[in-house]
Amino acid sequence: MRILVTNDDGVRSPGIRALAEALSTIAEVWIVAPDRERSAASHSISLHRPLRISKVDERVFSTDGTPSDCVYLAVNHLLQGNRPDFLASGINHGPNLADDITYSGTVAAALEGTMLGIPSVAFSLCLRGRSTEGMAASAQFARSFMAGLAQRHLAPGILLNVNVPVGSDGASYRVTRQGKRAYGNEVIERTDPRGRRYYWVGGDELAHENIPGSDANAVYDEGVISVTPLHLNMTSDATREEMASWQFPGTARRDHE
Ligand code: MN
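Everything numeric here is computed off the predicted structure, so don't read it as measured data.

Basis of the calculations
- Residues numbered from 1 in each chain as written.
- Predicted model: local features only at pLDDT ≥ 70, side-chain atom pairs only at ≥ 80, totals over all residues.
- Heavy atoms only, no water.
- Buried < 20%, exposed > 50% of the residue type's maximum accessible area, 1.4 Å probe, protein only.
- Helix = DSSP H or I, 4+ residues; strand = E, 2+ residues; numbered from the N terminus.
- Contact = heavy atoms within 4.5 Å.
- Polar contact = N/O pair within 3.5 Å; in protein donor to acceptor, adjacent residues only side chain to side chain.
- Donors = N, O, S within 2.8 Å, 3.2 Å for Na, K, Ca; no water.
- Pairing = 2+ DSSP bridges.
- Lys, Arg positive; Asp, Glu negative; His and termini not counted.
- Salt bridge = Lys/Arg side-chain N within 4 Å of Asp/Glu carboxyl O.
- Core = buried A, V, L, I, M, F, W, Y, C linked by side-chain atoms within 4.5 Å.
- Axes fitted to C-alpha atoms, helices over the stretch in contact; angles between N-to-C directions.
- 1 Å grid on protein atoms, 1.4 Å probe; cavity = no way out; pocket = protein on both sides within 12 Å on 5 of 7 lines; lining within 4 Å.
- Points joined across faces, edges and corners; volume = space filled by probe spheres on them.
- Nonpolar A, V, L, I, M, F, W, Y, C, P; charged D, E, K, R; others polar.

(A) A look at helix H3 (residues 105–115). Across the 11 residues that make up H3, a large majority, nine, are buried. Of the residues making up H3, those classed as buried are Gly105, Thr106, Val107, Ala108, Ala109, Ala110, Glu112, Gly113 and Thr114. Buried residues along H3 sit against strand S1 (2–6), helix H2 (67–78), strand S5 (86–93), strand S6 (120–125), strand S7 (158–164) and strand S11 (225–231). If you check the start of H3, you find a side-chain oxygen 3.1 Å away from the backbone N of Thr106, and it comes from Ser104.

The following block contains the structure:
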């Protein structure tokens, strides 16, 4: 078994080292990761500038691109002829829960892997600050989970988003659905030394809506690991069906038979 490991915190982060080390006991691990932190890079890909690849160690590479660039370069270039059986992204320093999934570089790397036909899992540890408490438990879970997944069939177009609470036993998990963030849309305004205003976006509160069965409830209310299966295809079939009855003046809906 061959596993491609990547992340958005950078190739030198403690999380990717812990993940690679844990998975190396069950698979041949290749690391291809950004050379610096790319958190909140989302699914961006570098189409308008050249990319550089550096060999860091045996089967360890960094690139100056985004997490998605790393996966693309790994699968279509560095591991050409050695196609990975699985992709594991992380272990991210911080949660990727609820609405924040859409900003996440960690999850985007798994999205990219899924697009390329590789069963992919994103791992995040729900820390704030610089502590690494819980990394060992997260790595332990990642190893058990990836070993188990190798015996299962993950449907094409589906990826798994894993979030580990601080204090996890490294084993207890719940299969969840994506929750909803509750924190404010805060903008902090400051003035720079030259008298010009600048802004910080993105709140830092951990509040979430109380939705039973959600990822955030599992992690913050129940203290268990959350595993959320996500669709790559974002079509809403329910809304598609509802729209079959919509009539807009000046438009002509063409329905399939
Ligand atoms: Mn990150």
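(B) Seen up close, the coordination of the manganese ion. Listed as protein donors to the manganese ion are Asp8 (OD), Asp9 (OD), Ser39 (OG) and Asn92 (OD1); their distances from the metal cover 2.1 to 2.2 Å. Each donor residue of the manganese ion lies on one chain, and together they are spaced D-D-x29-S-x52-N. Separated by 84 residues along the polypeptide, Asp8 in the loop between S1 and helix H1 (14–23) and Asn92 in strand S5 bring together distant segments of the chain. Exposure class is identical for Asp8 and Asn92. Each is buried.

(C) Structural detail: the pairing of strand S4 (residues 60–63). The two faces of S4 match: Val60 and Ser62 on one face and Phe61 and Thr63 on the other face are all buried. Of the strand pairs in this sheet, strand S2 (residues 28–34) and S4 are connected by four bridges, and their pairing is parallel. Its bridge partner lying in S4, Ile31 is registered against Val60. Sheet topology places strand S3 (residues 53–57) next to S4; four bridges connect them, and they run antiparallel. Residue Ile53 lies in a different strand from S4, and its bridge partner there is Thr63.

(D) Quick peek at the side chain of Glu112. The topology assignment puts Glu112 in helix H3. Within the buried core, Glu112 has no salt-bridge partner, and the shortest N-O distance to an opposite charge, that of Arg83, equals 11 Å. The residues contacting Glu112, other than those within four sequence positions of it, are His43, Ser68, Val71 and Tyr72.

(E) Region of interest: the nonpolar core. Formed by 34 residues in total, the largest nonpolar core has its most connected members in Val5, Ile31, Phe123 and Met146. It is helix H4 (residues 135–149) that contributes the most residues to this core, seven residues altogether. Val5 has contacts with Ile16, Leu19, Leu23, Val29, Trp30, Ile31, Val32 and Ala88, leaving out every residue within four places of it along the chain. Listed in part, the 19 residues of the second largest apolar core include Trp30, Leu79, Ile101 and Ala122.

(F) Looking closely at H2. Burial runs high along H2: nine of the 12 residues are buried. For H2, the complete set of buried residues consists of Pro67, Ser68, Asp69, Cys70, Val71, Leu73, Ala74, Val75 and Leu78. Elements in contact with the buried residues of H2: S1, S2, S3, S4, S5 and H3.

(G) Representation of the sheet that holds S6 in the model. Overall, mixed pairing links the nine strands, which are arranged S3-S4-S2-S1-S5-S6-S7-S11-S8 in an open sheet. A strand with exactly one partner marks an edge of an open sheet, and here the two such strands are S3 and strand S8 (173–175). Pairwise comparison of adjacent strand axes, ignoring direction, gives a mean angle of 25 degrees for this sheet. Sheet strands touched by H1: S1, S2, S3, S4, S5 and S6. Its angle to S5, the strand with the most contacts, is close to 140 degrees. With respect to the sheet, H4 is in contact with S1, S5, S6, S7, S8 and S11, its orientation differing from that of S6 by roughly 165 degrees.

(H) Spotlight on the layout of surface pockets. Empty space within the second largest pocket amounts to approximately 420 Å³. For the lining of the second largest pocket, the secondary structure elements donating two or more residues are H3 and S11. Looking at side-chain class alone, the lining of the second largest pocket contains nine nonpolar, eight polar and one charged residues.

Worth remembering: the numbers are spatial, not functional.
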